[in-house]
Amino acid sequence: MTQARNLVHPTATMPIPAAASAFAATDGDPRSCPDFTRRLVRQLSCLLTCAMLTSTPAFAQRLYVADSGEDKIAIVDVSAAPTVIGNIPLAAGAAPRSLALSADATTLAVGNFSGSVSLVDLTRSPAAPFATLAPGSGNLFGVAFSPDGKKVYATWSNKLSVIAIDAGTANVISTITISANWNAVAVAVSPDGTHAYVVTGDTGPSDSVEIVDLTGATPAAIGTYALAGGDSEKIVVSPDGTRLYVSSQDTNAVSIIDIGSATPLSHATVTGPPKGIAISADGHKVYAADNGASVVDVSGATPAVTDIAIAGAGEPFGVALSHDGATLYVTDLVKNTLTTIATATNSVTGSTTFGNTLADAVFSASTPTGVTLSMAPATVPAGAYSVLTVTLTNPTATAATITSLHITLDPATDAYGLVDNSCGGTFANFGGEVVGITAGTLPASGSCTLHIQTTANAPGTYTHKVLAGDLQTSVGNNAADASVSFTAVAPIAPTVAAAFSPATIAAHATSTLTVTIANANSTDLELISLTDTLPSGLVIAATSNAITTCPGAAVNATAGGGSFTVVKAAPLLPVATIPAGGGCTASVAVTAAAAAARSYVDALPAGAVQAYLISLSLPDVVAGNVADNSTAVASATLVVDAAPQAPAVPAPALGRLILLLLATLIAVVAACAFNTRPPHRRAR
């Protein structure tokens, strides 16, 4: 971890730490902060237009309750006192028993005791099942989603298997055979989606938990955890994926299983046969519906149980926690009640009666406030920057106060800097790789974003995360992890080539020398300098015609001089660059100082071009982000003739030539005529 990691970019509206202020005050270095700021503003304008947009569910603060006796799912608004605001009808005789909600809260999986699975699209108005299928045998007991929401796993009685269903198409993907007792009762999936845990048995004293490996092409059972109790009903996995909790009715206990061990850690005895169970976001407390409700504190070495009496309870069955963990909801199969309990005091705060035979319940939005991460560019040269976009969404009609947002940056990255923040509050480092904000605002039915620039100097793949519960707001917390990766690749040094045009000239004539700089990287290079020292005897022409296509650069060439340079055009300009995926050129007119015939070889040695990856990193901290043309030497040859050529004699004009020929012809003809006249004779 370098000091640069604590940099807060000076373009941000947050307070700037001392280290950042010192960085911002530097000047004269081509990589100084003022240059970086201007460069960043220019390039970010393009970046922001490409930022990821996230759809927002149009609901929150709702509870879905399986109304088994009336074959429907009750929709309960729990933003205030619980109120039934609608129902999702199912097929007659369906008898919904188990519920599961996708991570994005758009799909509800309903396990019907009659033996079918219904998939409900919650984005429709009104919400309704889009598919009902019954690929199993017997009664359906358990349903669970994969963490990405793409698969539903379901268990049936009289079926020694777990069936995986595509949550989008409702097609059966696979049937996973298990080896234990005749009933597959309940199922849960690990937070990373690599394993499923299936409770088998249902009746009798010897239930077990089957471990299913989901990572292979064909998922398969790979082991078993034995349970001391029987007639098990539900299973949950701890948020960190290290423990299982099973409600065992025969022993009036919650079984606690260490996933790394072959036997249960312990049993927490509760007041009656536990059915539904739920776990807090931090994994410290397990809640069970028994004769009333029980709270099992599992944060210590020994579980501690607190009983919560529910007056007039019949058969408490389902439990659900609000997204902020402040309220526990308990359904009752016999009394048809929904009881609310304040978890801070473990006291009953209210009860609502509706429906007939209320079974399972789930809170409407496991991610009531959404977190989406993206990186741009996703692949960069090592030492260059990639911008992390953190988008927070609020599906409720109430503006939310952001108590805290913790973003865990990959510990192997070397620097970060806040670019901008529309969520308000104070940007801070919470220790180590964790950064974020406090006291921000998330607009009602809207979103806000942070852009954080990150840099990694070594090639590799780097992952940033917002863990479940790390967004704390007044309307709820995120219940699912969000992560995104970017890849740093070894930077490619620029290459150069030189050419004369024309390649052969007369003495005292001029030729144009063009140097081409190529950049094969996916990001621009900051051009510090190009220096070309001409061979002895070759000089800059009196009219240099010096020009460059490198953005922000200028050619310094003095008539009669033996070298030229290309540097940033002016101190106040942002930078001179070598464009990514292409390059640029610099040209000057040159001539030979003497009339002697000879060849001149312009050679550019390694290091003739000095360039840097455009990066957030401080140059005195970051090693290895300097790029030059060290991989090859470029050269070009100019040939100069010995002496000037004699000027050509112009040919006579065609008309004069014709007249001359005619005059000559006439003179010849006249002479011939005179010489051939017959001789004079005298008369006789």
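Rules of the game
Counting restarts for each chain, with residues numbered from 1 along the sequence as it is written. Given that this is a predicted model, residues contribute local features only at a pLDDT of at least 70 and side-chain atom pairs are listed and counted only at 80 or more, while totals for whole chains, interfaces and linings are drawn from all residues. Values shown for side chains rest on all heavy atoms present in the structure; no hydrogens or waters enter the calculation. Working definition: helices are DSSP H or I runs of at least four residues, strands are E runs of at least two. Numbering for both runs from the N terminus. Using a 1.4 Å probe on the protein chains alone, a residue whose accessible area is under 20% of its type maximum counts as buried, one over 50% counts as exposed, and one in between counts as partly exposed. In this scheme, strands are said to pair when DSSP sees at least two bridges between them. Planes of paired rings set the category: under 30 degrees apart is stacked, over 60 is edge-to-face and the rest tilted, where pairs are Phe, Tyr or Trp rings (Trp by its six-membered ring) whose centres lie within 6.5 Å. In this description, the term disulfide denotes a pair of cysteine sulfurs within 2.5 Å. Distance and chemistry together define a polar contact, namely a pair of N or O atoms within 3.5 Å, with one atom able to donate a hydrogen and the other to accept it when in protein, and with adjacent residues in sequence counting only for side-chain atoms on both sides. Two residues qualify as a contact provided that any one of their heavy atoms is within 4.5 Å of a heavy atom in the partner residue. To qualify as a nonpolar core, a set must consist of buried Ala, Val, Leu, Ile, Met, Phe, Trp, Tyr and Cys residues joined through side-chain atoms within 4.5 Å. The salt bridge criterion pairs a side-chain nitrogen of Lys or Arg with a carboxyl oxygen of Asp or Glu, the two atoms within 4 Å. Values of pLDDT, which run from 0 to 100, indicate the predictor's confidence residue by residue. Only the contacting stretch of a helix is used when fitting its axis, a line to C-alpha atoms as for every element, and angles between N-to-C directions run 0 to 180 degrees.

> Help me understand the overall build of the protein chain in this model?
Of the regular secondary structure elements, the protein chain holds three helices and 54 strands. The buried share of the protein chain, reckoned over its 684 residues, is 49%.

> What is the right way to look at the sheet that holds strand β51 (residues 598–604) in this model?
Two modes of strand pairing occur in sheets, parallel and antiparallel, and in both the strands are linked by backbone hydrogen bonds. Ordered by their spatial adjacency, three strands build an open sheet running β42-β54-β51, and the pairing between neighbours is mixed. If you trace the sheet from one side to the other, it starts and ends with β42 (504–505) and β51, each paired once. Here β51 pairs with strand β54 (residues 634–640) via seven bridges, running antiparallel. By the bridge assignment for β54, S599 is matched with V639.

> Can you help me understand the packing of aromatic side chains in this one?
Between two aromatic rings, the relevant description is the distance of the centres plus the angle of the planes. What the rule picks out here adds up to four aromatic pairs. Centre to centre, the rings of Y462 and F486 are 5.5 Å apart; their planes meet at 25 degrees, and the pair counts as stacked. Of this pair, Y462 sits in strand β37 (residues 460–466) while F486 is found in strand β40 (residues 482–489), placing the two residues 24 residues apart along the sequence. For the pair shown, Y462 and F486 are each scored as buried.

> Sorry, what's going on with the state of the cysteines here?
By definition, a disulfide links the sulfur atoms of two cysteine residues through a covalent bond. Enumeration according to the criterion identifies two disulfides in this entry. In this model, C423 is linked to C448 through a disulfide, with the two sulfur atoms separated by 2.1 Å. Where C423 bonds to C448 through sulfur, the torsion about that S-S bond is close to 100 degrees, and the disulfide is right-handed. In this pair, C423 sits in the loop between β33 (415–421) and β34 (426–431) while C448 sits in strand β36 (residues 446–455), placing the two residues 25 residues apart along the sequence. In this pair, the class of C423 matches that of C448, namely buried. Here C550 engages in a disulfide with C584; their sulfurs sit 1.9 Å apart.

> What exactly am I supposed to notice about unusual backbone geometry here?
For residues besides glycine, phi is generally negative; the peptide bonds are generally trans as well. In this chain, A376 is followed by P377 through a cis amide linkage whose omega measures -5 degrees. In this fold, P377 is placed in the loop between β29 (370–376) and β30 (379–381). S501 connects to P502 through a cis peptide bond whose omega is -5 degrees. Mapped onto the elements of the fold, P502 is located in the loop between β41 (495–501) and β42. Phi is positive for T357, which is not a glycine, with a value near 70 degrees.

> Can you help me understand the pairing of strand β9 (residues 151–156) in this one?
Successive side chains on a regular strand alternate, one facing one side of the sheet and the next facing the other. Taken across its six residues, β9 has five buried, putting it largely inside the fold. Sheet topology note: the strand β8 (residues 140–145)/β9 ladder contains five bridges and is antiparallel. Bridge pairing in β9 places A144 opposite Y153. Hairpin remark: β8 followed by β9, antiparallel, with five residues in the connecting loop; positive phi at G149, about 75 degrees. In the sheet, β9 pairs with strand β10 (residues 161–166) via five bridges, with the strands oriented antiparallel. Across the sheet, K151 pairs through a bridge with D166, a residue of β10.

> Whenever I open this one, the side chain of R97 confuses me. Can you help?
Of note, R97 is situated in strand β4 (residues 96–101). At 2.6 Å, the side chain of R97 forms a polar contact with the side chain of E233. In contact with R97, other than residues within four places in its own chain, are A66, G111, N112, F113, L140, F141, E233, F317, A359 and D360.

> How should I be thinking about the nonpolar core in this particular structure?
As a rule of thumb, soluble globular proteins bury nonpolar side chains together. L392 and L405 are the most contacted members of the largest nonpolar core, which has 69 residues in total. Among all residues touching L405, those that are not within four sequence positions of it are V390, L392, F430, V435, G436, I437, L450, V466, D470 and L471. Grouped together as the second largest cluster of nonpolar side chains are 19 residues, A66, I75, V120 and A127 included.

> How should I be thinking about the pattern of salt bridges in this particular structure?
Side chains that differ in charge, positive against negative, can pair when their charged atoms come close. The tally for this structure, following the rule as stated, stands at four salt bridges. Here K234 makes a salt bridge to D360, at a shortest N to O gap of 3.2 Å. Taken together, the positions of K234 in strand β16 (residues 232–237) and D360 in strand β28 (residues 358–363) put the pair 126 residues apart, joining distant regions of the chain. A relative accessible area of 15% places K234 in the buried class. Of the residues examined, D360 reaches a relative accessible area of 7% and is grouped as buried. Close ionic contact of K275 with E315 constitutes a salt bridge, the shortest N to O distance being 3.2 Å. A residue pair is termed long-range when its members are at least 10 positions apart, and K275 in the loop between β19 (264–269) and β20 (277–279) and E315 in the loop between β23 (304–308) and β24 (316–321) qualify at 40 residues. With relative accessibility at 10%, the residue K275 sits in the buried group.

> Looking at this structure, I do not really get the confidence of the model for the protein chain. What am I missing?
Low pLDDT marks regions whose predicted coordinates should not be analysed in detail. For the protein chain, per-residue confidence averages 80 on the pLDDT scale, and 79% of positions sit at 70 or higher. pLDDT under 50 marks residues 1–59. Its contacts with residues more than four places away, or in other chains, come to 124 contacts. Throughout residues 645–649 the model reports pLDDT below 50, and contacts reaching past four residues in sequence, or to other chains, amount to zero contacts.

> Honestly, the environment of A596 in this entry has me stumped. Any pointers?
Examined against the element boundaries, A596 turns out to sit in the loop between β50 (582–592) and β51. When the C-alpha atoms of A596 and H508 are compared, they prove to be 10.0 Å apart, with 88 residues separating the residues in sequence.

> What am I meant to see in the sheet that holds β8 here?
Judged by pairing direction, the sheet is antiparallel, and its four strands sit side by side in the order β8-β9-β10-β11 without closing on themselves. The strands lining the two open edges of the sheet, one partner per strand, are β8 and β11 (172–177). With direction set aside, neighbouring strand axes in the sheet form an average angle of 20 degrees.

> What should I look at first to understand the pairing of β10 in this one?
Within β10, five of the six residues are buried, leaving the element largely enclosed by the surrounding structure. Both β10 and β11 contribute to a ladder of five bridges, which runs antiparallel. Bridge pairing in β11 places I165 opposite V172. Linkage of β10 to β11, two consecutive antiparallel strands, is achieved through a turn of five residues, within which A170 is found at a positive phi near 65 degrees.

> What's the story with the environment of T533 in this structure? I'm lost.
Within the secondary structure, T533 sits in strand β44 (residues 525–533). What makes T533 exposed here is its relative accessible area of 53%. Sequence spacing of T533 and D602 is 69 residues, and the spatial spacing of their C-alpha atoms is 7.7 Å. In contact with T533, not counting residues within four places along its chain, are G562, S563 and D602.

> It is not clear to me how the side chain of D602 should be interpreted in this structure. Could you clarify?
Mapping D602 onto the fold places it in strand β51. If we ignore the near neighbours within four places in the chain, the residues touching D602 are A498, F500, L513, D532, T533, L534, P535, A634, S635 and A636.

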